[in-house]
Amino acid sequence: MINGRVYYSFRVRRGDGKRIKLPDDPSSNEFMAAYAAALAGNAIKPVVIKPVERSINALITSYLQSTEFRDGLRETSKAGYRSRLEIIRREHGHRAVVGMTKDRIKEKILDPLGGKPGAALDTLKKMRILIRHAIEKKWLQLDPSLGIKRPKTREVRAWTDAELAAYECRWPLGTKQRTAYELMLNVGTARADVHRATWTQIDGDGFEYARQKTGIPVAVSMAKGLRAALDAAPRKHVTIINTEFGKPFTVDGFSGFMRDAITEAGLPIDCRPHGLRKTFGRLLADAGASAHDIMAALGHLSLKEAERYTREADRRRGGRRAIASLDDHKANRLSQTSFDRLGQQAKK
């Protein structure tokens, strides 16, 4: 190592002073070829591959240093962005930005993710962010991703009433599995909000928090189910939900904890923790809450997201009204038919 940089070389015998310089990357094909040649006694000059100018690799580096990324995203969002961008860099960093076309993005970048719709959708989203950055830098003039359809993903669904009952039967009040469940069901918190929820967020008959994803403040009244769960939960730490070692959960640790609890309750694999937030919205809509109230309770950024719940509730209510009307109509027809028959018999 010289000045903090690692150099690789090959020497057959100690003491003879003769070294053969090897390429810098020991995992590369060039390194292995140079090592094999040196071992055979035939030193070869390392092949130097110049980085592609304006490559996807260079574009990712530029974006990560941009104000948009540095100041425009929360730290939790940055971690998710970096994770996906590094995968794109590893798999496609060598490709030239100017060479990106609609067909190449589909065939080279998205098609290999067939069977992984979630990864494909996230990759497309990040590619479009990179493309916008490339247009700003004038590396591209047009968006080559236009016309590419978003991969269809299976949306997280709300829990059914039977599934809610099964979970509550398995995890009674006083268990942290039930406490976490009641928080998600009666406050609508996402996993990133629940795992760090503290007792200080309880304000009399209400619960207040700021969504980790958006920073939107949310204040809701204390539902009876949540009040009962919190009254039964031990208060030994600052955070409400903790590991067996008395430490707050990480986001991924909390997800695994809830996944195990759901499995032990005998619920299906598509019954996911985030579905409890969807259930909260469904129950609010079924209770007749307005789209504005649902938007406030869930901390949504736009009314459009909340209106989805009210539309679904309207359809359910409409379906029930339709069947009730049909039953009334059938009953009236039967009554009329019976009345007509009695009239005919009386005439005879």
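Summary of the structure given here. As the structure is a computational prediction, the values presented were derived from the model and not from experiment. (Residues numbered from 1 in each chain as written. Predicted model: local features only at pLDDT ≥ 70, side-chain atom pairs only at ≥ 80, totals over all residues. Heavy atoms only, no water.)

### Points about the packing of helix H7 (residues 161-170) against helix H8 (residues 176-187)
The contact between H7 and H8 brings their axes to 9 Å, and the two run at 150 degrees. Between H7 and H8, the angle is such that the two are roughly antiparallel. Here H7 runs over H8; the crossing is left-handed. In this structure, H7 contributes Leu164, Tyr167 and Glu168 to the contact, and H8 contributes Gln177, Arg178, Tyr181, Glu182 and Leu185. Its residues assigned to classes, the contact of H7 with H8 shows four nonpolar, one polar and three charged. (Axes fitted to C-alpha atoms, helices over the stretch in contact; angles between N-to-C directions. Helix = DSSP H or I, 4+ residues; strand = E, 2+ residues; numbered from the N terminus. Parallel < 35°, antiparallel > 145°, perpendicular 65-115°, else oblique. Left-handed = near helix turned anticlockwise from the far one by under 90°. Contact = heavy atoms within 4.5 Å. Nonpolar A, V, L, I, M, F, W, Y, C, P; charged D, E, K, R; others polar.)

### Some points on helix H13 (residues 291-298)
Taken residue by residue, H13 has Ala291, Ile294, Ala297 and Leu298 as its buried positions. Taken around the axis of H13, the buried residues stretch over an arc of 125 degrees, which confines them to a single face. Note on H13: the residue one or two positions beyond its end, Gly299, has a positive phi of about 70 degrees. (Buried < 20%, exposed > 50% of the residue type's maximum accessible area, 1.4 Å probe, protein only. Arc of directions from axis to C-beta.)

### With respect to the packing of helix H2 (residues 56-64) against helix H6 (residues 117-136)
Between two packed helices, both the angle of their axes relative to each other and the distance between the axes serve to describe the pair. Packing of H2 against H6 leaves a shortest axis separation of 10 Å and a crossing angle of 85 degrees. Looking at the two axes, H2 sits roughly perpendicular to H6. Each of Leu59, Ile60, Ser62 and Tyr63 in H2 lies in contact with H6, whose residues at this interface are Ile129, Leu130, His133 and Ala134. By residue class, the composition of the contact of H2 with H6 is six nonpolar, two polar and no charged.

### A look at the nonpolar core
Judged by nonpolar contacts, the single largest core of 43 residues is most densely connected at Trp159, Tyr167, Phe207, Ile241 and Phe254. Sorting elements by how many residues they give to this core places H8 first, with six residues. Those residues in contact with Trp159 that lie beyond four places of it in its chain are Leu164, Tyr167, Tyr181, Ile262, Leu267, Cys271, Arg272, Gly275, Leu276, Thr279 and Arg282. In this structure, Tyr63, Ile109, Met127 and Leu130 belong to the second largest nonpolar core, which totals 22 residues. (Core = buried A, V, L, I, M, F, W, Y, C linked by side-chain atoms within 4.5 Å.)

### Overview of a positive patch on the surface
On the surface, a cluster of positive charge is made up of Lys102, Lys106, Lys149 and Lys152. Along the polypeptide, Lys152 turns up in the loop between H6 and H7. Residue Lys152 is classed as exposed on the basis of its relative accessible area of 79%. (Patch = residues over 30% accessible without salt bridge, like charges linked within 9 Å, V, L, I, M, F, W, Y side chains within 5 Å. Areas by Shrake-Rupley, 256 points an atom, 1.4 Å probe, with all protein chains shown as cover. Salt bridge = Lys/Arg side-chain N within 4 Å of Asp/Glu carboxyl O. Lys, Arg positive; Asp, Glu negative; His and termini not counted. Charge placed at Lys NZ, Arg CZ, Asp CG, Glu CD.)

### Quick look at the pattern of salt bridges
Once their charged atoms are close, side chains differing in charge can pair, the charge on each being opposite to the other. Applying the stated criterion across every chain, the model contains 14 salt bridges. Note that Arg227 is salt-bridged to Asp231, the shortest N-O span being 3.7 Å. Here Asp231 and Arg227 lie together in helix H10 (residues 224-232), a separation of four residues that amounts to about one turn. Taking the relative accessible area as the measure of exposure, Asp231 reaches 53% and is therefore exposed. Asp286 is the salt-bridge partner of Arg282, the closest N and O atoms lying 3.5 Å from each other. Here Asp286 and Arg282 lie together in helix H12 (residues 275-286), a separation of four residues that amounts to about one turn. Residue class for Arg282 comes out buried when judged on its relative accessible area of 14%. Since its relative accessible area comes to 28%, Asp286 is described here as partly exposed. One salt-bridge network, held together by shared partners, links Arg84, Asp122 and Lys126.

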